[in-house]
Amino acid sequence: MRIFFVLLWCHLAASASAAREPEPDKVSRPGVFLITIDTLRADHVHCYGYDRIRTPALDLLAEQGIRFTQAFTPSPVTNSSHTSIMTGLLPSSHGVSDFGVPLAPSYPTLAELLKKGGYRTAAFIGAVILDSKSLAPGLDRGFEYYDNFPEITTTKSRWGRLERRGMEVEQRAESWLSADPAGAHFVWVHFYDPHDPYEPPPPYSEVYKDRPYDGEIAYADSALGHFLAYLKKRGWYEEAVIVVVGDHGEGLGEHHEDTHGIFLYDSTTHVPLIVKLPEERDAGGTVDAQVRTTDIMPTILGLLGVAIPASLDGDSLEPFFTGLEAAPRTVFGETEYPLQFGWAPLRSIRKGGFKFIEAPKPELYDLHADPGESHNHYEPWNGTVQSLRRALTELSAKSPTSGKTLPAAVSASTIDELHALGYLGSADARSATDVPQPSLLPDPKDKIGEQNLLHTAMMASEDGEPDKARVALEKVLQLDESSAIALRQLGRIEMASGSYAKAAGYLQRAHDANPNNATVAIEYGRALESSGDLSGARVVLLASLKLNPDQFEVRLQLGRVYLGLNDSNAAEDQFAAAVLLQPGSSEAQINLAKVLIHQKKFAEAVALLEAVAEPSSRNPEIFELLAQAYGSVGRRQDAQRAQLRAKSLQNSKRPQ
């Protein structure tokens, strides 16, 4: 294959003057276009045998490329699965097993290696779940342009805030390519549309009215078709390497899983994979051997003659193109997402026609006789079980991140984004359980009904349907009356509706179930404060500080509670402690300044506020307080200037 590309490039250089219409942009190497379609089951694509849908773009690529019928992802979670595609590593190797966990610099990405090889690199994502500033740090490495979401947005719509429609993603990719078409490009385009909630736009919403998931797939396929048409218009299509793959599948109720992330059955791990080679080499080929999405990175590098890093978990698929290899590859699966709910993580291995799932209640399936994985044949003394379990143990032992879960660093607003997308984050996990041994946690199979209800509640809350969310969460409590996640979500719903006493009741139960959780303590304290029980809030927050005195949010909240209790000296102590914990926090500084002014310590307030009131500051409250403090120490001209600055900033924030 590599000799083929050398000859191909020489041929292109020699025959450039006779190139077909339209005239292609001159490149010395083939363009590489990676298209990932989120939440795409292989058995819901037309060219994979599903006759109830039209996917002409995917069908065309299958006709002009090579279709892999048995391709599997190692992870049913978007950020982990994409990191595996981009690194050729399993989640237990690259360490990105949770939202917000940064990809370590020691693991090179496909974009980094191609950029070093002279490629122009860009990425266009369809959801904030892959935003490199928040939920997928490090995934942008090697991309000269990574199309993140805006850091600040005023829209309440999920479009533009949480998601982008496929056509918008495609148009953004086109615009970047058109702006600088010279050279060879590596472009990653991510279509998020098939992810729930399933809301295809017209006409797909009508054509697939009773099957909106299929409607989303058909719409994503149409966006892919537009992108392929653009590549043809530019004359890039024929010589390009194009890879289309699903990052993971969707439960759709199989094994009682509505969405994905919890289980490792084929419903969420079997994905379509199509590779189109330059000049449509091996067009129409079909590979039935079992392969992995971790094989994509080494395949692209091998096709381009770029050195493949050592110690990858994937291998190039090139031997399948040439017929030199036909043996199926061992597939490993991993999901730690159940930990977010307080349940056991899962590991799986798919080999020799069997799948073994390591869980509190282990599973073994004969895939030839039982492709739907409905009959568990697990017996601990079974030779196949012992062999597959041994392979899983060996994999875990050599994993660089084995036993080391990197902490996820995500803000409160990012946790809100996760909830809006239907996911829980690490803060939820800490409230769900503090059991140190995963093997002691409940089996997700026994809890999947709760997960479906919690997911429904999160999506209903995002859609502004609190009553629907309440119903789902109350059903969770019928299944598990001490579910900290359900109790916290109910508390948040009641807080948002102004039912503070009711919110405090739910959050008290969550706090009693996990008194060491700081986040629950803050929410419970806030509910007590809002309901007027300031003394109760003080008790809860002080107890939390005894466990960990370095809690910035607790210090701020306790300071406000002390103000409400008319104890300005105690409030000053808490706000001063907050400033020491986060010296750059304007919120802490403003609160401390308010207390100082209240105590008539005007000179101290001036000194504090002058340090905050930089020329670039855009907060009018700082200058209002500064004007008040200046006036109290007799600096009238300074007070007037500060007041004018405050009014100017207020006017600039008003809608025009």
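First, a word on scope: everything that follows refers to the structure included in this document. (Residues numbered from 1 in each chain as written. Predicted model: local features only at pLDDT ≥ 70, side-chain atom pairs only at ≥ 80, totals over all residues. Heavy atoms only, no water.)

### Remarks on unusual backbone geometry
Asp-196 connects to Pro-197 through a cis peptide bond whose omega is 0°. You can see Pro-197 is positioned in the loop between strand S5 (185-191) and helix H7 (204-207). A cis amide bond links Pro-202 with the next residue in sequence, Pro-203, at an omega value of 0°. Backbone geometry places Thr-39, a non-glycine residue, at a positive phi of 60°. Along the chain, Thr-39 turns up in the loop between strand S1 (32-37) and helix H2 (56-64). A positive phi angle, near 60°, is found at Glu-279, a position not held by glycine. (Helix = DSSP H or I, 4+ residues; strand = E, 2+ residues; numbered from the N terminus.)

### Examining the pattern of salt bridges
Counting across every chain of the model gives 36 salt bridges. Notably, a salt bridge pairs Glu-144 with Arg-120, separated by 2.8 Å at the nearest N-O pair. With Glu-144 in the loop between strand S3 (120-124) and strand S4 (145-147) and Arg-120 in strand S3, the pair connects residues that are 24 residues apart, well separated along the chain. For Glu-144, a relative accessible area of 36% translates into the label partly exposed. Note that Lys-133 and Asp-131 form a salt bridge whose closest N and O atoms lie 3.2 Å from each other. Judged by its relative accessible area of 41%, Lys-133 is partly exposed. Several salt bridges converge on common partners, so that one network encompasses Asp-147, Arg-164, Glu-168 and Arg-172. (Salt bridge = Lys/Arg side-chain N within 4 Å of Asp/Glu carboxyl O. Buried < 20%, exposed > 50% of the residue type's maximum accessible area, 1.4 Å probe, protein only.)

### Here's the deal with the sheet that holds S3
What the 8 strands build is an open sheet, ordered S4-S3-S5-S1-S6-S7-S2-S8; its pairing is mixed. Strands at the two margins of the open sheet, each flanked by one partner only, are S4 and strand S8 (285-292). Sheet twist, expressed as the average angle between the axes of neighbouring strands with direction ignored, equals 15°. Pairing between strand S2 (residues 66-72) and S8: 6 bridges, direction parallel. (Pairing = 2+ DSSP bridges. Axes fitted to C-alpha atoms, helices over the stretch in contact; angles between N-to-C directions.)

### Digging into the packing of helix H15 (residues 448-462) against helix H17 (residues 484-497)
Pairs of packed helices are described in terms of their axes, by the angle between the two and the distance that separates them. Two numbers describe how H15 lies on H17: the axes approach to 11 Å, and their chain directions differ by 20°. Considered as vectors, H15 and H17 are oriented roughly parallel to each other. In this structure, H15 meets H17 at a crossing whose hand is left-handed. Of the residues in H17, those in contact with Leu-454, Ala-457, Met-458 and Ser-461 of H15 are Ile-485, Ala-486, Gln-489 and Ile-493. (Parallel < 35°, antiparallel > 145°, perpendicular 65-115°, else oblique. Left-handed = near helix turned anticlockwise from the far one by under 90°. Contact = heavy atoms within 4.5 Å.)

### Considerations on the pairing of S5
Burial analysis of S5 places 7 of its 7 residues in the buried class, the great majority of the element. Of the two faces of S5, both are covered, the one formed by His-185, Val-187, Val-189 and Phe-191 as well as the one formed by Phe-186, Trp-188 and His-190. Here S1 runs beside S5; their pairing, made up of 6 bridges, is parallel. Paired with Thr-36 across the strands is His-190, a residue of S5. Bridge count between S3 and S5: 5 bridges; the pairing is parallel.

### Things to note about the nonpolar core
Residues Leu-34, Phe-68, Ile-129, Phe-186, Trp-188 and Leu-273 are the most contacted members of the largest nonpolar core, which totals 88 residues. Ranked by the residues each element gives to this core, the list is headed by helix H10 (residues 296-304), at 6 residues. Among the nonpolar cores identified, the runner-up in size contains 50 residues, and Leu-556, Leu-608, Phe-623 and Leu-626 belong to it. (Core = buried A, V, L, I, M, F, W, Y, C linked by side-chain atoms within 4.5 Å.)

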